[in-house]
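# Residue-level structure breakdown
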There are 2 protein chains.
Amino acid sequence: MIDFDFNNPTKIVFGRGVEARVGTEAAAYSKKVLLHYGGGSIKASGLYDRVVASLEAAGVEWVELGGVKPNPRIGLVREGVALCRKHGLGLVLAVGGGSAIDSAKAIAMGAVIDGDVWDFYMGKGKPKAALPVGTVLTIPAAGSESSSGSVITNEEGQYKRAVDSELLYPRFSILDPELAFTLPPFQVACGATDIMAHLMERYFTTVENVGFTDRLIEAVMKTVIDKAPKVLAKAKSYDDWSELMWAGTVAHNNLLNTGRIGDWGSHDIEHELSGIYDVAHGAGLAVVFPAWMKHVLKTDVARFAQWASRVWNVDMDYRNPEATAREGIARLEAFSRSLGLGTRLSDLGIGADRLDEMARKATDGDKRTIGHFVRLNSAAVRQILELAK
Amino acid sequence: MIDFDFNNPTKIVFGRGVEARVGTEAAAYSKKVLLHYGGGSIKASGLYDRVVASLEAAGVEWVELGGVKPNPRIGLVREGVALCRKHGLGLVLAVGGGSAIDSAKAIAMGAVIDGDVWDFYMGKGKPKAALPVGTVLTIPAAGSESSSGSVITNEEGQYKRAVDSELLYPRFSILDPELAFTLPPFQVACGATDIMAHLMERYFTTVENVGFTDRLIEAVMKTVIDKAPKVLAKAKSYDDWSELMWAGTVAHNNLLNTGRIGDWGSHDIEHELSGIYDVAHGAGLAVVFPAWMKHVLKTDVARFAQWASRVWNVDMDYRNPEATAREGIARLEAFSRSLGLGTRLSDLGIGADRLDEMARKATDGDKRTIGHFVRLNSAAVRQILELAK
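Everything quoted here is computed from the prediction, not taken from an experiment. (Residues numbered from 1 in each chain as written. Chains lettered and ligands numbered in written order. Predicted model: local features only at pLDDT ≥ 70, side-chain atom pairs only at ≥ 80, totals over all residues.)

What follows is about the sheet that holds strand β2 (residues 11-14) of chain A. In spatial order, the strands read β4(A)-β3(A)-β5(A)-β6(A)-β9(A)-β2(A)-β1(B); together these 7 strands make up an open sheet with mixed pairing. For this open sheet the edge positions go to β4 (61-65) of chain A together with β1 (4-6) of chain B, each flanked by a neighbour on one side alone. For this sheet, the mean angle separating the axes of adjacent strands, direction not counted, is 15 degrees. Pairing of β2(A) with β1(B), which is carried by 3 bridges, proceeds in the antiparallel orientation. The partner of Phe14(A) across the bridge, within β1(B), is Phe4(B). The strands touched by helix α5 (residues 98-110) of chain A within the sheet are β3 (32-37), β5 (91-96) and β6 (133-137) of chain A, with β5(A) carrying the most contacts at an inclination of about 170 degrees. (Pairing = 2+ DSSP bridges. Helix = DSSP H or I, 4+ residues; strand = E, 2+ residues; numbered from the N terminus. Axes fitted to C-alpha atoms, helices over the stretch in contact; angles between N-to-C directions. Contact = placed C-beta atoms within 7 Å.)

Right under this line is the structure:
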């Protein structure tokens, strides 16, 4: 284990109908909030009306900014920043999934500085303050409802970049599993894949003596593998949704990387995919992760065999641990396909013509490497994309 | 799963030598603190000097109150309350294990009220405010360094009672696994047993659809079972201590009871043992828990069999799950003995003469039941104590 600080202050409010509490939770921070959301789904479902009623009942005024898209854009973030400044708003309330929440976090950082918040995403300076963020979660996936991260896409140049700061932990997050009942199956599948990816990024580490967090991560992975097919088969299963939703939050709240260093190379590679092709993050991860695994497997066959055996119930082949490891990867791919996702670039309709460009962008033209389990240069990223074809 | 709120704000600072940061962490809350600790061990080890040097370097003044004993007493708490009031102290800093921390939490509640803090422990009213508490942990055991609870003994009447309040989460806790290197083996064994007990109290629930937190709890139990014998065999193994220490904190920080209702009957029964006989809490739990299990086993044989199979690697006897369950209990007892602890009241030198009295006190003369997995009246507690003889 390596040394660490851990301090996740997000208050989780979990259960049936808990969105009725959003007004009182918000009012603890500000009586004037930015209500930030995506498209029409929260209006169609009636969630919008319930949130607004709760804000009104608590005497909270709001300014609205809808229109967040998957792979949220810096352009809309800048609109939100302007609204916060103009109206003196004191809280950014995201109602939606990871895109709305990541966008809200960006707005929260931008609202308290004079310059452009995109600079933080380009690594120029670090945020020193931010407005508080609250969330009402509708999609178990990104884990942003209790994480310190935000990922934003700059539509000029098709760049997708992340900021990580303790300032970005939401102050409160409202998790009602029933809100997930109406999600389209494709979004459910992408969400479960994103959760698995957060766990695998943390699992594959070169830090030794991390057996405790290994086991915690395995526990969450087993839960996702068990529950995702069940909610796809029965969309209104509260019991399955509740475990999957809570697992998705715990997967990414930073407890599971205490004392270890995660990899995150697959996320970086996927960001290039979704930056250019605007594919769903989870769909991209279902393609990139197995390819990454095949590329790095020999770095630590024992760790991959442990994962295959404990998480995927592969019979350990003691004479040939690599075969066990490879069977684990095959089961991950089969799991993705069982959720209805493709596992190759071709399944996403992505050809070979821009692989070089993605490999170059991922590493800023070899000015940096990505990943920690194995440090990848652009040639290595190119090989992984080749394995993903 | 049942609905829940979860909000654990304790900042964990974990690693080698991190006690050097106590001054800056404390100064964020107050420049005048109560330094609260137990006996001479922190002076003998040099920890006291390092803490004091860090406070001085950060410009933090302190008033001292040592002398906390295992099963911390309300008398000393009242002294601490008086010191906080007299000197206008703004933070209670506990340096030690669960006893020092629980005592600090009691002082923190008492310092801001006019009345007697013991009233809270007797269930008269709830705390509405408390001074902030910080900790430097020396014993992985009680989990109080990141919990919302405090257990205090009233020496008049030999009562041991608990308060649980979100106000009691420490603001920061400093965890240096090296501080555990000098613990006597008996304390190590009691600590590991206390951690296991916190996990088992949470594990045995009647709430259904809690597979996710089941698996998390199992992960922590397996870690304790793996690491406790290793640190007993090799006291200065940083790698093993670090995982055991962090596991002990996670075991009791309330994440593992999200969405479920723990039992806590064994803790209540043990409080009667240690209230009267002043036995170490962990030593008492090693006796009470197996007896409790034998008494309640048939309430949910499947859950006990799952625990035996997954946690203790008992081969599942599909035709006779109860045999699997009983083998799990036998392995728990064997584990305790391997740590050097007894598993019967007679091992603690406790005879049968006050069993009736303990059963009566545990239930306030049958004015209440204890436990949730099975609600126990005084007759049931008496039967459990009989099984523990």
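Read across the sheet, 7 strands follow the order β1(A)-β2(B)-β9(B)-β6(B)-β5(B)-β3(B)-β4(B) without closing on themselves; strand pairing throughout is mixed. At either margin of the open sheet sits one strand with a lone partner, and together these are β1 (4-6) of chain A together with β4 (61-65) of chain B. Across this sheet, the average inter-strand angle for adjacent strands is 15 degrees, counted without regard to direction. Of the strand pairs in this sheet, strand β6 (residues 133-137) of chain B and strand β9 (residues 172-175) of chain B are connected by 4 bridges, and their pairing is parallel. Following the sheet pairing, Gly134(B) is matched in β9(B) by Phe172(B). Contacts from helix α5 (residues 98-110) of chain B reach β3 (32-37), β5 (91-96) and β6 of chain B, with the element oriented near 170 degrees to β5(B).

All names here are of chain A. Split into domains, chain A comes out as domain 1 (11-179) and domain 2 (185-387). Facing the 20 residues of domain 1 at the interface are 25 residues of domain 2. Counting residues per element, the ones that place at least two in the side of domain 1 that touches domain 2 are β2 and β8 (159-164). Its residues placed into classes, the side of domain 1 that touches domain 2 shows 10 nonpolar, 7 polar and 3 charged. (Domains from an automatic or database assignment. Nonpolar A, V, L, I, M, F, W, Y, C, P; charged D, E, K, R; others polar.)

Let us look at the interface of chain B and chain A. Often the size quoted for an interface is simply the accessible area lost on bringing the parts together. Listed as interface residues are 31 residues of chain B and, on the opposing side, 31 residues of chain A. Mapped by element, the contributors of at least two residues to the side of chain B that touches chain A are β1, β2 (11-14), α8 (211-233) and α9 (238-250) of chain B. Within the side of chain B that touches chain A, the residues separate by chemical class into 13 nonpolar, 8 polar and 10 charged.

By a simple turn and slide, chain B fits onto chain A: the slide is 0.0 Å along the axis, the RMSD is 0.0 Å, and the turn is 180 degrees. The operation mapping one copy onto its partner corresponds to a two-fold rotation axis. If distances are taken from each C-alpha of chain B to the rotation axis, the shortest is found for Pro9(B), at 2.3 Å. A high fraction, 100%, of the interface residues of chain B reappear at the interface in chain A, so the copies pair face to face through one surface. (Least-squares fit on C-alpha atoms with pLDDT ≥ 70 in both.)

Attention now moves to helix α4 (residues 74-87) of chain A. Residue and element names in this part refer to chain A. Between its first and last C-alpha atoms α4 spans 20 Å; for 14 residues at 1.5 Å apiece the expected length is 20 Å, and the two agree. Buried residues of α4: Ile74, Leu76, Val77, Gly80, Val81 and Cys84, and no others. The buried residues of α4 occupy an angular sector of 155 degrees when the element is viewed end-on, so they sit on one face. Buried residues in α4 make contact with β3, β4, α5, α6 (118-121) and β7 (149-154). Glycine 88 sits one or two residues past α4 and shows a positive phi near 60 degrees. (Expected span 1.5 Å × (residues − 1). Buried ≥ 20, exposed ≤ 12 C-beta atoms within 10 Å, placed from the backbone. Arc of directions from axis to C-beta.)

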